[in-house]
Each structure stands twice: as structure tokens, then as C-alpha cells.
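Descriptive structure summary
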Amino acid sequence: MRALVLALRDLRLEWRGRAGLLSAFSFIAVVLFIMGIAFGPDEASLRRAGPGVLWVALAFAGSMLASRAWALEVENETLDDLLLTPGSREWIYVGKLLFLWLLMIVMGAFLLVLVAAWFYLPLAAWPQLFVTLVLGGTGYTVIAAFYAGLTVRLRARDVLLYLLVFPMILPVVLAAVKATLGIAFGAEFAEIVSWWKLLGVFDVVYLTLCVLLFPGVIEG
Amino acid sequence: MADPLVEVQRVWKRFGRQWVLRDLSLSVEPGEVVALLGPNGVGKTTLLRIIATLIRPQRGAVRLFGKPARALEAERGWIALVANPPAFYRHLSGEENLEQALALAGRPIARAQALEAMALVGLPEGRPVAAYSSGMRKRLALARTLLARPRLLLLDEPETALDSGGREELARVIGQMAGTGAVVLATHDHAFAAEVASRSFAMGDEA
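Residues numbered from 1 in each chain as written. Chains lettered and ligands numbered in written order. Predicted model: local features only at pLDDT ≥ 70, side-chain atom pairs only at ≥ 80, totals over all residues.

1. So, the overall build of chain B
Put simply, the test is: For helices the rule is a DSSP run of H or I covering at least 4 residues; for strands it is a run of E covering at least 2, with both sets numbered from the N terminus onward. We take the radius of gyration over the C-alpha atoms and set the globule estimate at 2.2 Å times the residue count to the 0.38 power. To sort residues by exposure, count the other C-beta atoms lying within 10 Å of each residue's C-beta; 20 or more gives buried, 12 or fewer gives exposed, and values between give partly exposed, all with C-beta atoms placed from the backbone.
The number of helices and strands found in chain B is six helices and nine strands. Taken over the C-alpha trace, chain B has a radius of gyration of 17 Å; the compact-globule value for 207 residues is 17 Å, and the two agree within 12%. Dimensions of chain B, computed from the C-alpha atoms along their principal axes, are close to 45 × 40 × 35 Å. Looking at the 207 residues of chain B, the share that counts as buried comes to 47%.

2. Some points on the pairing of strand E2 (residues 18-28) of chain B
Residue and element names in this part refer to chain B. Formally: A pair of strands counts as paired when DSSP detects no fewer than two bridges linking them.
Sheet topology places strand E1 (residues 6-15) next to E2; seven bridges connect them, and they run antiparallel. If you follow Val8 over to E2, its bridge partner there is Leu26. Hairpin connection of E1 to E2: two residues between the antiparallel strands, including Gly16 at a positive phi of 65°.

3. Considering the interface of chain A and chain B
Where we set the bar: Any two residues are considered in contact once their C-beta atoms, placed from the backbone, lie within 7 Å. Each residue receives one of three labels: charged for Asp, Glu, Lys and Arg, nonpolar for Ala, Val, Leu, Ile, Met, Phe, Trp, Tyr, Cys and Pro, and polar for the others, Gly being one of them.
Contacts between chain A and chain B engage 19 residues on the former and 23 residues on the latter. Looking at the side of chain A that touches chain B, the elements that each hand over two or more residues are helix H1 (2-17) and helix H4 (79-83) of chain A. Across the side of chain A that touches chain B, the residue classes tally to six nonpolar, seven polar and six charged.

4. Looking at the sheet that holds strand E9 (residues 199-202) of chain B
Residue and element names in this part refer to chain B. Selection criterion: Axis definition: a line fit to C-alpha positions, over the contact stretch in the case of helices; interaxial angles, taken between N-to-C directions, run 0 to 180 degrees.
Across the sheet, which stays open at both edges, the five strands sit in the order E6-E7-E8-E3-E9 with parallel pairing between neighbours. In the strand order of this sheet, the two ends are held by strand E6 (79-82) and E9, each with one partner. Adjacent strand axes in the sheet meet at a mean angle of 15° when their direction is disregarded. Here four bridges tie strand E3 (residues 33-37) to E9, and the two strands are oriented parallel to one another. Looking across to E9, one finds that Leu37 is bridged to Ala202. Each of E3, E6, strand E7 (152-156) and strand E8 (182-187) is contacted by helix H1 (residues 44-51), which is oriented at about 155° to E8, the strand it contacts most.

5. Some words on the environment of Leu123(A)
All names here are of chain A. Within the secondary structure, Leu123 sits in the loop between helix H5 (90-119) and helix H6 (126-150). According to the C-beta neighbour criterion, Leu123 is exposed, with 12 such atoms within 10 Å. Considered as a pair, Leu123 and Ile183 are 60 residues apart in the sequence and their alpha carbons are 9.9 Å apart.

6. Let's talk about the packing of helix H7 (residues 157-184) of chain A against helix H8 (residues 189-218) of chain A
Residue and element names in this part refer to chain A. In plain terms, the rule: An angle counts as roughly parallel when it lies under 35 degrees, as roughly antiparallel when it exceeds 145, as roughly perpendicular when it falls between 65 and 115, and as oblique in every other case. Two helices crossing with the near one rotated counterclockwise from the far one by less than a right angle form a left-handed crossing, whereas a clockwise rotation gives a right-handed crossing.
Their axes nearest at 9 Å, the elements H7 and H8 cross at an angle of 160°. Between H7 and H8, the angle is such that the two are roughly antiparallel. Read as a crossing pair, H7 and H8 show a hand that is left-handed. In this structure, H7 contributes Pro171, Val172, Ala175, Ala176, Lys178, Ala179, Gly182 and Ile183 to the contact, and H8 contributes Glu191, Ile192, Trp195, Trp196, Leu198, Leu199 and Phe202.

7. Considerations on the pairing of E6(B)
Residues and elements named next belong to chain B. Neither face of E6 is exposed, since Ile79 and Leu81 on one face and Ala80 and Val82 on the opposite face are all buried. Bridge analysis of E6 against E7 gives four bridges, and the strand direction is parallel. Bridged to Val82 within E7 is Leu155.

8. Brief notes about the environment of Ala52(B)
With respect to the element layout, Ala52(B) can be found in the loop between H1 and strand E4 (59-64). Here Ala52(B) falls in the buried class, since 23 other C-beta atoms lie within 10 Å of it. Once residues within four sequence positions are removed from consideration, Ala52(B) is found in contact with Leu84(A), Ile79(B), Leu81(B) and Leu154(B).

9. Details of the nonpolar core
Put simply, the rule is: One nonpolar core equals one set of buried Ala, Val, Leu, Ile, Met, Phe, Trp, Tyr and Cys residues connected by C-beta atoms within 7 Å.
Counting residues in hydrophobic clusters, the biggest one holds 136 residues, and the most contacted among them are Leu100(A), Ala145(A), Leu36(B), Ile51(B), Leu154(B) and Val184(B). Per-element accounting of this core gives the leading share, 16 residues, to H5(A). Ignoring sequence-local partners within four residues, the contact set of Ile51(B) consists of Val6(B), Val8(B), Val62(B), Leu154(B) and Val184(B).

10. Things to note about unusual backbone geometry
The omega angle of the peptide bond from Asn84(B) to Pro85(B) is 0°, so this bond is cis rather than trans. Within the fold, Pro85(B) resides in the loop between E6 and helix H2 (94-104). Notably, Glu77(A) is not glycine yet its phi reads approximately 55°, a positive angle. In this fold, Glu77(A) is placed in the loop between helix H3 (43-76) and H4. Here Glu77(A) falls in the partly exposed class, since 15 other C-beta atoms lie within 10 Å of it. At Thr53(B), a position not held by glycine, the phi torsion is positive, near 70°. Tracing the chain through its elements places Thr53(B) in the loop between H1 and E4.

11. Points about the confidence of the model for chain B
Our working definition: pLDDT measures how confident the predictor is about each residue, on a scale from 0 to 100.
When pLDDT is averaged along chain B, the result is 89, and 98% of the positions lie at 70 or above. Interface predicted TM-score (ipTM) for the complex: 0.78; the corresponding pTM is 0.84.

12. Observations concerning the sheet that holds E4(B)
All names here are of chain B. Read across the open sheet, the four strands follow the order E2-E1-E4-E5; overall the sheet is antiparallel. Of all the strands in the sheet, just E2 and strand E5 (67-68) have a single pairing partner and so form its edges. Pairing geometry for E4 and E5, over two bridges, is antiparallel. When the bridges of E5 are listed, Leu64 appears paired with Lys67.

As C-alpha cells, this is what we get:
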């Protein structure tokens, strides 16, 4: 319950400040524009590149948002108050994760539409694309929220975050790209499901580990 | 006799190579108001943060409410640390900040209670904290303390930026909190310490 209160409060803060969301959406627009020019105008090239562009843009923009989730506490100097709340501290991680996950899903849905328009991703298969977005987005946010919390007190946190997160999320990004490629090129449903299963396993393993480890890493 | 609320036993703390606290011990009994006195850099804020369980000493032990500080979970809700300046979410109004703080501590309050506490310390409603002066932030911290009713109140230079009315209100809140627990405050102001504290603890050159 407290995790939900924290996530909703962060959403309210983000909506009033809008700094993180505006940066992420601007970044996405720039990435798509540059990639679109780089791979275009040939339709086959754009279609082939679309899934990779989708997940690369989502990964970078997601890191910006993960950093933002904790930066709210740094900017307001409220991290100590959060750490002084009673009970074990897993819920702080879950709250930040929930906040980041909601933003990622909204941003991912927006990105799906843009990539569909520019890179010929078949929006007719939107239920499958959305499942991939949810599974891949979950794996990504679980790790990004954890490492953003781990580095929140450090001066070089933004640089470190990218260095720490990207090696860890490679399996998630690869599986998500493969599933999206399968959807884009009409692969067998069983093949797409096998990538979803892999993503599901990553999500469960990473989530369990991060929840267990978080109280130890957030202590000063 | 009841256990001390705070027992700091032979604590050492350093940042990098610089030792800030060396072999420091302090005990605070229920009902006490202890003023930590000393110039800048002697470790008053560090000691408050160690007592609040926010940082760990390199050596020594801290016990709160009769338990090792690291073992506290539910009891952390009995501790309130008011930093200097007090920390609030700038894009939220004063009453929203109070509601959020109490909700996250697992003790949600109604909007009316938040507004009542703000009125008690002379704050207007509906204004974002970004538009607050330093003194108003201190008053909002007082309102939060009144609502949270901690058993251990830790205050870092609480009297700075407050006008005479605010200082009176602060002294009243400190007295009220000492009645149900204990207060440890860090200050440079000897006159203020003499006014509100039952005991002073000198640090650095003043020790």
C-alpha cells in the first residue's frame, strides 16, 4: 500500500515538474528522427531496423526516467525522510519501480505508435506488441530502478547508471528485440511465445533478487 | 529505572581520511532535551544522522529504545529528524507534504488534520513549498513533528531562520515532545540551548 502511495506521489511530482517526461519524450523523438533518416527511405531496411530502434530508444529513455525517479528525492533532499519510515525498506524500491514501470509503459505505447508509423511495425498485431512491451519493460525497469537507487548518493550517478544497467539488461533487450522482430515478420506464434517465456523468467528472477538486495544497498 | 532512549557507545566516524567523531559516547534518558553544542565541523549533524540510523559509524555501537540501532524496523517510525533546512517536496503544497509524510509512515491523516496543524504554526494553505521562506519551512517541519508525535526528535539547528514567534512555538513543541520521549538538538546558539535544553553536550573545542 505504501509503495502505491509513493508511486502515485512521484507521478504527481513528475506531472507538476514535467522535467523527466519532457526530456524522455524529446529524446525519443530525436532518436527516431535520426534513425529514420539513417535507415530510410527503403521500406525493407526501416522494417528490419524498427524493433531494434524501438528497444534502444526505450532503453536509453528508460535510464533517463530511472535516474529521474530517484533524482526527485535528491533534488528535494528527502531521501533521509524516506529511509526513516518504519518497516523494512523493500517497499521504497517497489514504489519507485511502480512509478518507473507506469512511465515506461506509457512511453513505450507512445513509442510503439511512432515506430509503427515510421518503421512499418504492424500495429494490427498490437496485443502481441503490448505483451512484449510489458514483459520487456518490466525486466528493464526492475534493473534500472535498482541500480538508480544504488547510485543515488553518488555524484557520478548518471554515468554509472548507464555503465551498470546496460550489461545487465542485454538479455532482456535481446529477447524483446527478437520477440518484436518475430511479430513484425509474422513468425510462428510458438516462437514469439518462447521469447515471452524467457522474458518472464528474467522478470521473476531479477525482481526477486532486487527486492531481496535493495534494503542492504540503500543503507548509508 | 527505564532504559536510555539513546545510547551512543564509543563511536568513531570518518569521511575519507578525516575523522569527524572520535570515541564519542552519549546517553539520552526519556524526558531529556539534550543540546549538542560546538562550532561548525565538529560532527553535530553527523552524530544526529548516526542516531537516526541513516549512517553507520566505523567503530562503536548505537542503541535506540533499548535495541541495537541496526535492528530497528517498526521503531524507526518513532524517530523524526528535522534537517537544516528541513526537506520537503517543492512542487507539493504544505498540506500535501504533511499528508504524504504521514501516509508513507503508515499513519495516514485527513486533509483537515494537516490544515489544522498548519494553522497552529501560522502557515497558509494551498501554497507550494517552493514558495516558502526558510522560516516557513521550519514552521512546516514543526507541524509535521506535531502530527508525527515521535518518541525521539532530532533537530539540526532548529532555531535558525525563525522569528521570535516561531522560536516560541519551537520551544513549546520541544517541551511537548520531551514529555512523551526525548529531544536531541544541534545548535550554535548557547542562549537557545539554555532556554530549551535540560542538558548540554559540548563537542569539539567546547568539550
